[in-house]
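# An overview of the molecular structure
Read off the chains here:
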Amino acid sequence: MVDVSRVQKELTECNRDSAISGVSIALHDGGSSISHLTGTIAGPQDTPYEGGTFRIDIRLPGGYPFEPPKMQFITKVWHPNISSQNGAICLDILKDQWSPALTLKTALLSLQALLSTPAPDDPQDAVVAQQYLRDKSTFLNTARYWTEAFAKSDSTGMEEKVQKLVEMGFPEDMVRSALLSVNGDENMALEKLCSS
Amino acid sequence: MGRGDAEEVSPPVSSPELEQDDGDDDCYLSDQEDDALEESVLQVLEDGHLEDCHWSSSSVITKEYLLGAQKEDLRKMIELLGLKEHHARTLLIHYRWDVERIFELLDQKGRDRLFSEAGIPLRSTSNAGLPSVTEVTCNVCYDDVPISAVSEMDCGHNYCNQCWTEYFIVKINEGQSRRVKCMAPKCNAICDEALVRKLVSAKCPDIAERFERFLLESYIEDNDTVKWCPSTPHCGNAIRVKGDIHCEVECTCGRQFCFNCSSEAHSPCSCVMWELWIKKCRDESETVNWITVNTKPCPKCHKPVEKNGGCNLVACICGQAFCWLCGGATGRDHTWSSISGHSCGRFTEDQSTKTEQARRDLYRYMHYHNRYKAHTDSLKQEAKLKRDIQWKISISENKDSKIKDYSWVINGLNRLFRSRRVLSYSYPFAFYMFSDEIFKDEMTPQERELKQNLFEDQQQQLEFNVERLSGFLEKDFQNFADDEVMDTMKHVINLSNVVDRLCKQMYQCIENDLLYPLRTPHNIAPYKSKGLDRASELHICLDSAEQSSQSMKYSHDEHKTQPGLHSNESGSSLLGKRPILPLHGSSSDNSGRPSHKRERKSGGALFDLNVPAELADKS
């Protein structure tokens, strides 16, 4: 069974200095299960993720802390070691390098570090990793755009554009994917939507 | 059987009477030719160098002796590297029980790197790390625990016993028993097995038992020179081979197998070839091949249709007519050269060559497979043949005759079985040896042809003589007069020798002329004229194993009064301290072991691991 007292201590400890560390943990969706949590990390400075807030789904297996926690990005991220499809993470300390003496906080801090230093040679998402290695500037633009589009609560600019195009009569999902594919350029998205 | 008479009935080799009549033997060469042939072959073989360059010996490790079997290696580590027992085990597990390699690496890497890579802490930190306070905070559960409930690993990290226990149980359940690392992040140290044993057995004795078994079985699982016997249902034994691991062995349960790949004994086929061969035979991919080459599906009912002659308009049994060239459905109105209302492209060059190739491959496979199968099918008759022959022998023995010894029949029969095996496996060998599948670019076509001729010549000679031997053994010698029996015996004995030598020669040809020149090393198990090596019982360790199993029992008995302690104690006595052994009491007398084995340790003395092996043995 999950060691409840340890997890509670971890939560208190982690949230005490979350303003400085940039990471925090809460029960998932305000639920009551101690084994299903949501972590948040602030996008590190001087990276395309800066300014974004990334939410992470945390599930604690029965053997926690002797087995590693299962973590997955809820917020969509454009990063070589994080699946752009489902948010799965490729990080050694969440697998065989986990140690019971590590904590959820240290794991989240490691994720934060992963955001600032991608390891494209050991990718989770091959497409992103290829782009990172071959076309760094496109990668940075896309990552920045995804941060803008998904990791900011006040992405009003984005919503306005979506609204506008939807009012022109295009279906919302097509609008969003078109906007995504052209990094949010409204005119290019319109062109794309018309030509398709 | 009158085995005692064996020397008296030596074959009268040049008796003129015997060479005359062999009239019933018309399916073979005439007798004189036979003899001349046998002798010339023997002559040639006599000249060949028949040295045995492969050496290997195998021994059976039963469950009871598993501990004893690994003791020698552990002792070497403990004595020569000055390690504690659990560190020695950790080192051996990490380097797959390869003692020689450990010493090699010791030279190359140095002691420190060797140890740290295996997860042995370089120096055990003293207890100075634990201050004289009464309570510390465990870094895993964050509880304050009294110092007495905290355990420190050799690497110096300490956590509370409860956390250690939980952690060990998770790791053991994950199947990680042999590499339970310290809980501290990035710490590579392997946990002390005694502590694991002590803590886990207090909470879950069954898991502790599993841990113990996993640890012991590492000697089999993580070791290239020891393998489980592949028998099903499993006999519980493992086989250890010293020397060349490319060999074939027989377990005491009777199961024969190739030690290297654990499948049935298959020499002179190599393991790679054998694996490909059984896969090929299993897949029946050739059947599919044949169907694609020789048939076309009917456009209506989709059954494969074979064209057995005539023009290109083919009619399926379902009544549908179709064009053989393109497979398209047509009407029935046609001439030799055209089908009315139908036109299609002709065969392209490419298609026809591909079909040709597939057809050739199929015929090639069928050639080898038919011969392989013919010999394996004969082998399946082994039991029946043996019964028949035994029946004939029993009749002959009761006959009023001066010949009483029929052991030559049995010997000849065993030779026949042995050589049939060799022959049958020589066909898959040839199939792969002389094709591109494994040895592409290893030989020029000329070289290949030359070598193939050389090999096939030997194979044919062997086959010819094996069939002759078989013919003589199948004779109804129980009805023969004495001189006819003598004649048959002479032939059987001679042919057995010839066949044995031809087998040996074929192996030599394979090893020296065919496999040796290859750039990629390819090994086969050597030929054993007496049949497969039967693994011996593990003699060296018998005594010590018994001692240690007894010592475990005794330590249990001794500590009966202190429950909770004895699993720990029995663990540490795996190798270490050991109570006095009443070894040559009545208990060991009925064990049925040869007496000289016991004498070596007749002192029954305390077995001290700090004493070098030789000394310990003498004491």
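Every chain begins its residue count from 1, and numbering advances along the sequence as written. For this description, chains carry letters from A and ligands carry numbers from 1, given in the order in which they are written. Thresholds applied to this predicted model are a pLDDT of at least 70 for local features of residues and 80 or more for the giving and counting of side-chain atom pairs; totals over whole chains, interfaces and linings are not thresholded and use all residues. Remark: hydrogens and water are excluded; side-chain values derive from all non-hydrogen atoms of the structure.

## Examining the interface of chain B and chain A
- Every contact between the two is made by 14 residues of chain B and, on the other side, twelve residues of chain A.
- Here the quantity called buried area is the accessible surface, traced with a 1.4 Å probe, that two parts lose on coming together, added over both. Each partner contributes to the roughly 1,100 Å² buried at the junction of chain B and chain A, and carbon and sulfur atoms together form 62% of this total.
- Whenever Lys or Arg places a side-chain nitrogen within 4 Å of a carboxyl oxygen from Asp or Glu, that contact is recorded as a salt bridge. Our enumeration of links across chain B and chain A arrives at one salt bridge.
- Residue B:D143 pairs with A:K9 through a salt bridge whose shortest N-O separation is 2.7 Å. Residues count as neighbours in contact if any of their non-hydrogen atoms are within 4.5 Å of one another.

## Re the packing of helix α14 (residues 407–433) of chain B against helix α17 (residues 482–515) of chain B
All names here are of chain B.
- One way to put it is that α14 packs onto α17 with a least axis distance of 10 Å and a crossing angle of 30°. Classified by the angle their axes make, α14 and α17 are roughly parallel. Along this stretch, α14 crosses α17, giving a crossing that reads as left-handed.
- For this classification, Asp, Glu, Lys and Arg are treated as charged, while Ala, Val, Leu, Ile, Met, Phe, Trp, Tyr, Cys and Pro are nonpolar and the rest, including Gly, are polar. Taken together, the residues that form the contact of α14 with α17 break down as 15 nonpolar, five polar and two charged. Only C-alpha atoms enter the line fits that serve as axes; for helices the fit covers just the stretch in contact. Angles between N-to-C directions range over 0 to 180 degrees. Each helix corresponds to a stretch of at least 4 residues labelled H or I by DSSP, and each strand to a stretch of at least 2 residues labelled E; elements are numbered beginning at the N terminus. Here the word oblique covers every angle except those under 35 degrees (roughly parallel), over 145 (roughly antiparallel) and from 65 to 115 (roughly perpendicular). If you view the pair so one helix is near and one far, a crossing is left-handed when the near helix is turned anticlockwise from the far one by less than a right angle, and right-handed when it is turned clockwise.

## Re the nonpolar core
All names here are of chain B.
- Within this scheme, the nonpolar core is defined by two criteria: the residues are buried Ala, Val, Leu, Ile, Met, Phe, Trp, Tyr or Cys, and they are joined through side-chain atoms within 4.5 Å. Per-residue accessibility, obtained with a 1.4 Å probe over protein chains only, is compared with the maximum for each type, and a residue is labelled buried under 20%, exposed over 50%, and partly exposed between these values. By size, the foremost hydrophobic cluster in this structure holds 61 residues, and its most contacted members are L91, W164 and F168.
- When residues of this core are traced back to their parent elements, those giving at least two are α3 (66–81), α4 (85–94), α5 (99–109), α6 (111–118), β5 (158–160), α7 (161–173), α8 (193–203) and α9 (205–221).
- Here this core spans two domains, and each of domain 2 (63–118) and domain 3 (127–203) adds at least three residues to it.
- Residues in contact with L91, not counting those within four places in the same chain, are M77, L81, L83, I102, L114, F115, A118 and I120. In this entry, domain limits derive from an automatic or database-based domain assignment.

## Some remarks on a negative patch on the surface
- Together, A:D92, A:D96, A:D121 and A:D122 line one region of the surface with negative charge.
- Within the secondary structure layout, A:D92 lies in the loop between β4 (70–73) and α3 (104–116). Grouping into patches uses exposed residues only, defined as over 30% relative accessible area, and leaves out salt-bridged ones; the cut-off is 9 Å for like charges and 5 Å for nonpolar side chains (Val, Leu, Ile, Met, Phe, Trp, Tyr). With residues, only the protein chains shown are counted as cover, and all accessible areas are computed by Shrake-Rupley using a 1.4 Å probe. As used throughout, the charge tally considers Lys and Arg to be positive and Asp and Glu to be negative, leaving His and the chain termini uncounted. Each charge is placed at NZ for Lys, CZ for Arg, CG for Asp and CD for Glu.

## Re the sheet that holds strand β8 (residues 248–250) of chain B
All names here are of chain B.
- Across the sheet, three strands lie side by side as β9-β8-β14; this open sheet has mixed pairing. Whereas interior strands pair on both sides, the edge strands pair on one side only; in this sheet they are β9 (256–258) and β14 (533–534).
- Between any two strands, at least two bridges found by DSSP are needed for them to pair. Here β8 pairs with β9 via three bridges, running antiparallel. Bridging from a neighbouring strand, E248 pairs with C258 of β9.

## Description of the environment of B:Y368
All names here are of chain B.
- Summarising the element assignment, Y368 is placed in helix α12 (residues 349–380).
- Separated by 63 residues in sequence, Y368 and F431 place their C-alpha atoms 6.3 Å apart.
- The contact partners of Y368, leaving out residues within four places of it in the chain, are W277, Y427, A430, F431, Q452 and E456.
- At 3.4 Å, the side chain of Y368 and the side chain of Q452 are in polar contact. N or O atoms within 3.5 Å of each other form a polar contact, as long as, within protein, one can give a hydrogen and the other can take it, and as long as residues adjacent in sequence are counted only when both atoms are side-chain atoms.

## Structural notes on the sheet that holds strand β6 (residues 226–228) of chain B
- Spatially, four strands are ordered β6-β7-β1-β15 (chain B) in an open sheet, and the strand pairing comes out mixed. Strands with a single pairing partner mark the edges of an open sheet, and in this sheet they are β6 and β15 (536–537) of chain B.

## Observations regarding the UniProt feature "active site" (unreviewed entry) in chain A
Residues and elements named next belong to chain A.
- UniProt positions are given in the numbering used here, feature names are shortened, and annotations may be inferred rather than shown by experiment. UniProt tags C90 as "active site" (unreviewed entry).
- Here C90 is to be found in the loop between β4 and α3.
- Here C90 falls in the buried class, since its relative accessible area comes to 15%.

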